[in-house]
Amino acid sequence: AILHPDLQAYKSLREEKAWVESSQSKPPPTISSLRICIVNLMPLKESTELQLCRMLARSPVASDIAWVVPNTYSGKNSTPGHLEKFYKRFNEVKGEKYDGIILTGAPIEHLDFEQVAYWKELQDFFEDVRKMDAGILSLCWGAMASLWHFHGVKKHITPRKVFGVFDHKISSKDRMLVQAIPDHVGIPV
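Residues numbered from 1 in each chain as written. Predicted model: local features only at pLDDT ≥ 70, side-chain atom pairs only at ≥ 80, totals over all residues. Heavy atoms only, no water.

K.L.:
So what exactly am I meant to see when it comes to the packing of aromatic side chains here?
P.N.:
The geometry of an aromatic ring pair is captured by the separation of the ring centres together with the interplanar angle, meaning the angle of the planes. Going through the model one piece at a time under the given rule, you end up with nine aromatic pairs. Look at Trp-67 and Tyr-87: their rings are 6.0 Å apart centre to centre, the planes differ by 45°, and that puts the pair in the tilted class. You can see Trp-67 sitting in strand S4 (residues 62-69) and its partner Tyr-87 sitting in strand S5 (residues 87-89), a full 20 residues away along the chain. The exposure class assigned to Tyr-87 is buried, which follows from its relative accessible area of 6%. Chaining the aromatic ring pairs together yields one cluster made of Tyr-73, Phe-113, Tyr-118, Trp-119, Trp-141 and Trp-148. (Phe/Tyr/Trp six-rings, centres within 6.5 Å; stacked < 30°, edge-to-face > 60°. Helix = DSSP H or I, 4+ residues; strand = E, 2+ residues; numbered from the N terminus. Buried < 20%, exposed > 50% of the residue type's maximum accessible area, 1.4 Å probe, protein only.)

K.L.:
Please clarify how unusual backbone geometry should be interpreted in this entry.
P.N.:
Look at Asp-133: it is not a glycine, yet its phi comes out positive at around 55°. As for its position among the elements, Asp-133 is in the loop between helix H5 (119-132) and strand S7 (135-138). Even without being glycine, Cys-140 reaches a positive phi, approximately 50°. Within the secondary structure, Cys-140 is located in the loop between S7 and helix H6 (141-151). On the accessibility criterion, Cys-140 (53% relative accessible area) is exposed.

K.L.:
Where do I start with H5 in this structure?
P.N.:
In an α-helix, one turn spans 3.6 residues, which is why side chains three or four residues apart end up on the same side. Here H5 contains 14 residues, and its C-alpha end-to-end distance of 20 Å stays within 8% of the 20 Å for a straight helix at 1.5 Å per residue. Among the residues of H5, Trp-119, Glu-121, Leu-122, Phe-125, Phe-126, Asp-128, Val-129 and Met-132 are the ones counted as buried. For H5, the angular spread of the buried residues around the axis is 165°, confining them to a single face. Exposed residues pointing more than 90 degrees away from the buried face of H5 are listed as Lys-120 and Lys-131. Tucked into the core, H5 has its buried residues touching strand S3 (33-39), helix H4 (90-93), strand S6 (100-103), S7 and H6. Note on H5: the residue one or two positions beyond its end, Asp-133, has a positive phi of about 55°. (Expected span 1.5 Å × (residues − 1). Arc of directions from axis to C-beta. Contact = heavy atoms within 4.5 Å.)

The structure is reproduced here in structure tokens:
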């Protein structure tokens with residue numbers, strides 16, 4: 001993973017001996033990387049950053065990560081200045097091309113989509129993703145939002161959290177982000 005050296009995930013991955021490079025230094029010409037846009041809506045930004053970067057750092061392909069939040073988003077649980085230092089806003093990445101998008105969730109599944117303060121911004125972002133023809137991996141509430149926006153699939157709230165490892169089938173091998181993943185893969189949900 002290619003990360004800002006002041007990001008806690010960078011420091012933790014270095015200590016764990018995972019492959020991580022500084023975004024502040026020019027990578028060697030032999031290193032090709034995927035440009036990944038991570039829309040992190042989780043309240044605990046730093047722990048989510050570390051979890052996602054741990055997985056990406058184990059990939060044989062480097063991931064140049066852009067951390068992004070909606071324009072009107074304000075995190076309540078992050079270290080003061082964290083969003084300003086490490087994150088871009090939707091308007092700052094509009095028109096940029098990414099190889100893949102990761103959209104996290106937020107503990108707002110009880111709200112109708114239209115009640116979410118940044119829903120309109122997220123819909124506009126989804127349309128930008130559609131235009132750039134990038135693959136999108138949506139997690140938690142982000143999966144509900146993606147399914148609703150792109151496919152009209154309504155969310156279904158269960159009395160208790162449903163989780164486990166479920167079989168997934170890769171439907172399009174032409175996306176660079178999934179080329180190394182087997183046809184049927186168990187993914188924790």
